[in-house]
Amino acid sequence: MVQVNRLQLLIEMGVVAIMRAKSSEQLIEAAEAVRAGGIRAIEVTMTTPGALAVIEKAVAKFSKEVLFGAGSVLDPESARSAILAGAQFIVCPTYKPETIEICKRYAVPVMPGAYTPTEILSAWEAGADIVKIFPASVGGPAYIKALKGPLPHIRMAAVGGVDLTTISDFFKAGVDMVGVGGELVSQALLDNRDFTAITERAAAFHKLTGKG
């Protein structure tokens, strides 16, 4: 039930904030700002310095208020380490069956990356909870709409190319959720400690999901 509940929450939220930061301090402060804007699902990329410690600290701090996941996960070993650190969902740039298997073992939702219809179907049949269409900037909402024709049963997330001008079109095309990185939490805003701007951007994205 844990896996199902987290998956339902991710879909209900509609937006995952993808965070790449230079330090754990930056990321924790940005998480506060994003949460204030109404987005309660955050992906901490494994490229963040000390990513596992950041995830552990963030999960402890925000408890049940925010879902924290690990992103840019390339292999099952990294997925297991992230899960043991407290990651509540796993996001991958590519499709690797072994990573899906380890996430299923620990009842943690997993979103592998795929692009072609063959990759997408293979990931879904292997047990993906949501297939991350990446990079969604190539093809855009029109490509998602085309995919949904023969693959209407597959839950999809658009990542890459999602901004305030395209998010509504991606949802209209049929995605269940989107992932937003630099358009929401840019390094410039982090370096300038402009957390008010991050909260405002989060609120704008949250409103455009149409999910309340």
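For the structure, see preceding data.
Residues numbered from 1 in each chain as written. Predicted model: local features only at pLDDT ≥ 70, side-chain atom pairs only at ≥ 80, totals over all residues. Heavy atoms only, no water.

Trainee: Kindly report on helix H2 (residues 24-36), identifying the contributing residues and their values.
Mentor: Its 13 residues place the ends of H2 19 Å apart at the C-alpha level, agreeing with the 18 Å of an ideal helix rising 1.5 Å per residue. Among the residues of H2, those classed as buried are Ser24, Gln26, Leu27, Ile28, Ala30, Ala31, Ala33, Val34 and Arg35. Close packing links the buried residues of H2 with strand S1 (15-19), strand S2 (41-45), helix H3 (51-62), strand S3 (67-71), helix H9 (187-191) and helix H10 (195-208). (Helix = DSSP H or I, 4+ residues; strand = E, 2+ residues; numbered from the N terminus. Expected span 1.5 Å × (residues − 1). Buried < 20%, exposed > 50% of the residue type's maximum accessible area, 1.4 Å probe, protein only. Contact = heavy atoms within 4.5 Å.)

Trainee: Give me the lowdown on the nonpolar core, citing residues and values where you can.
Mentor: Within soluble globular proteins, side chains that are nonpolar generally end up buried alongside one another. Ranked by internal contacts, the top residues of the largest apolar core, which has 65 residues, are Ile42, Ile90, Ile120, Val131, Ile133, Val178 and Ile198. Here this core gets six residues from one element, more than from any other, and that element is H2. If near-sequence neighbours (up to four positions away) are discounted, Ile198 is found in contact with Ala30, Ala33, Val34, Leu184, Val185, Leu189 and Leu190. (Core = buried A, V, L, I, M, F, W, Y, C linked by side-chain atoms within 4.5 Å.)

Trainee: Explain the environment of Ile133 to me, and be specific about the residues and the numbers.
Mentor: Of note, Ile133 is situated in strand S7 (residues 131-133). In sequence terms Ile133 and Ala157 are 24 residues apart; their C-alpha atoms lie 5.9 Å from each other. Residues contacting Ile133, with those up to four places away along its chain left out, are Ala114, Tyr115, Ile120, Tyr143, Ile144, Leu147, Met156, Ala157, Ala158 and Val159.

Trainee: Let's hear about the pairing of S1: which residues, and what values?
Mentor: With five of five residues buried, S1 lies mostly within the body of the structure. The two faces of S1 match: Val15, Ala17 and Met19 on one face and Val16 and Ile18 on the other face are all buried. Sheet topology note: the S1/strand S9 (residues 177-180) ladder contains three bridges and is parallel. In the sheet register, Val15 faces S9, and the bridge partner there is Val178. Inspection of the sheet shows S1 paired to S2 by three bridges, in the parallel sense. Within S2, the residue paired with Ile18 across the bridge is Glu43. (Pairing = 2+ DSSP bridges.)

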